[in-house]
Amino acid sequence: MDVRLILMGPPGVGKGTQGELLAERFGIPRLSTGDMIRAALKAGTALGERVRVYYEAGELVPDEVVLGLIAEAFDGPATAGGFLLDGFPRTVSQADGLGALLAERGLKLDAVLSLEAPERELVARISGRRVCEACGLVTHVRAVGDDAPCPECGSSLVQRSDDRAETVRNRLAVYREQTEPLLEYYARSETGLTAVDGLGTKEAVRDRLLETLQYAESPA
Ligand SMILES: [Zn+2]
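Rules used throughout
Residues numbered from 1 in each chain as written. Predicted model: local features only at pLDDT ≥ 70, side-chain atom pairs only at ≥ 80, totals over all residues. Helix = DSSP H or I, 4+ residues; strand = E, 2+ residues; numbered from the N terminus. Rg over C-alpha atoms; globule rule 2.2 N^0.38 Å. Buried ≥ 20, exposed ≤ 12 C-beta atoms within 10 Å, placed from the backbone. Contact = placed C-beta atoms within 7 Å. Pairing = 2+ DSSP bridges. Core = buried A, V, L, I, M, F, W, Y, C linked by C-beta atoms within 7 Å. Axes fitted to C-alpha atoms, helices over the stretch in contact; angles between N-to-C directions. Parallel < 35°, antiparallel > 145°, perpendicular 65-115°, else oblique. Left-handed = near helix turned anticlockwise from the far one by under 90°. Nonpolar A, V, L, I, M, F, W, Y, C, P; charged D, E, K, R; others polar.

Another aspect to go through is the overall build of the protein. Within the protein, the regular secondary structure consists of 9 helices and 8 strands. Its C-alpha atoms give the protein a radius of gyration of 19 Å, near enough to 17 Å, the size a compact globule of 220 residues would have. Referenced to the eigenvectors of the C-alpha coordinate spread, the extents of the protein come out at roughly 55 × 45 × 35 Å. Expressed as a percentage of its 220 residues, the buried residues of the protein come to 25%. A separation threshold of at least 6 residues defines the contact pool for the protein, and within that pool the share at least 24 residues apart is 67%.

Below, the structure is given as structure tokens:
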């Protein structure tokens, strides 16, 4: 069965984890533009060389080039059974470009999923992360308690600067501002937008996503 999905969600909502679980469940590749850009650089294709120009100048790779990478992925054998797009599109203009690529190939999206959680929960999840300076363990204050030492090696646990509550709130504000028009765009589209509650264990969220997709009872 072909499954073509877009998965969206703010930082801290578990989009990466759920994207992997869904991709595995349906046997489809998880297409992340970051991965595709790195792969193109490595492969040294004509498109990869165009990517390199921007990459080496420290500039954002333009939409037109990213869409070229996605078109290549759509035309390759890996996406014959579908795909899950993770982290793309981010803007309405990218969504238009993606829509054109799909239409040219006679393909349609099965679902656009928006994983959601209240801001206070997202802030708590990210700002509670702790990293061990000595052994690199990543844990959470919910697991080890406040000001606890590393459970693996006894060294001190620290918070990364990106994970500070204030930084997280800023990242969430940027995400909301950027994504709201996109959510409206898909809500008005033929596919529609499906909001899914991202609270709870990763298994509970996965089951909720699968139920939404109405494949929960089919064998993996
Ligand atoms: Zn440690």
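Let us now look at the pairing of strand β1 (residues 3–8). In terms of burial, β1 is a largely internal element, 5 of the 6 residues being buried. Pairing between β1 and strand β3 (residues 82–86): 5 bridges, direction parallel. When the sheet's bridge partners are listed, L7 is paired in β3 with D86.

This brings us to the pairing of strand β4 (residues 111–116). Counting buried positions along β4 yields 5 of 6 residues, so the element is predominantly enclosed. The sheet contact formed by β1 and β4 spans 4 bridges and is parallel. Across the sheet, residue M8 finds its bridge partner in β4, namely S114. Bridge count for β4 against strand β8 (residues 194–197) is 4 bridges, and the pairing is parallel. From the neighbouring strand, S114 faces β8, where its bridge partner is A195.

Counting 34 residues, the largest nonpolar core has L5, I6, L7, L84, L85 and L113 as the members making the most contacts within it. Non-local contacts of I6, meaning those with residues more than four positions away in its chain, are made with L85, L109, V112 and L113.

Moving on, we get to the sheet that holds β4. If you walk across this open sheet you meet the 5 strands as β2-β3-β1-β4-β8, and the pairing is parallel. Looking at the sheet topology across the chains shown, the edges are occupied by β2 (30–32) and β8. Taken over all neighbouring pairs, the strand axes of this sheet differ in orientation by 25 degrees on average, direction set aside. Across the sheet, helix α9 (residues 202–213) is in contact with β4 and β8; its angle to β8 comes to roughly 155 degrees.

Helix packing geometry: the angle between the two helix axes and the distance between the axes. Contact pair helix α6 (residues 119–127) / helix α8 (residues 165–187): the axes reach a minimum separation of 9 Å and the direction vectors enclose 130 degrees. By the criterion of interaxial angle, the relationship of α6 to α8 is oblique. With respect to the hand of their crossing, α6 and α8 are arranged in right-handed fashion. Touching E119, L122, V123, I126 and S127 of α6 are A165, V168, R169 and L172, all from α8. For the contact of α6 with α8, a count of residues per class yields 6 nonpolar, 1 polar and 2 charged.

A few words on the environment of G99. Residue position: G99 is located in helix α5 (residues 92–104). Spatially, the C-alpha atom of G99 lies 9.0 Å from that of L109, the residues being 10 residues apart in sequence.

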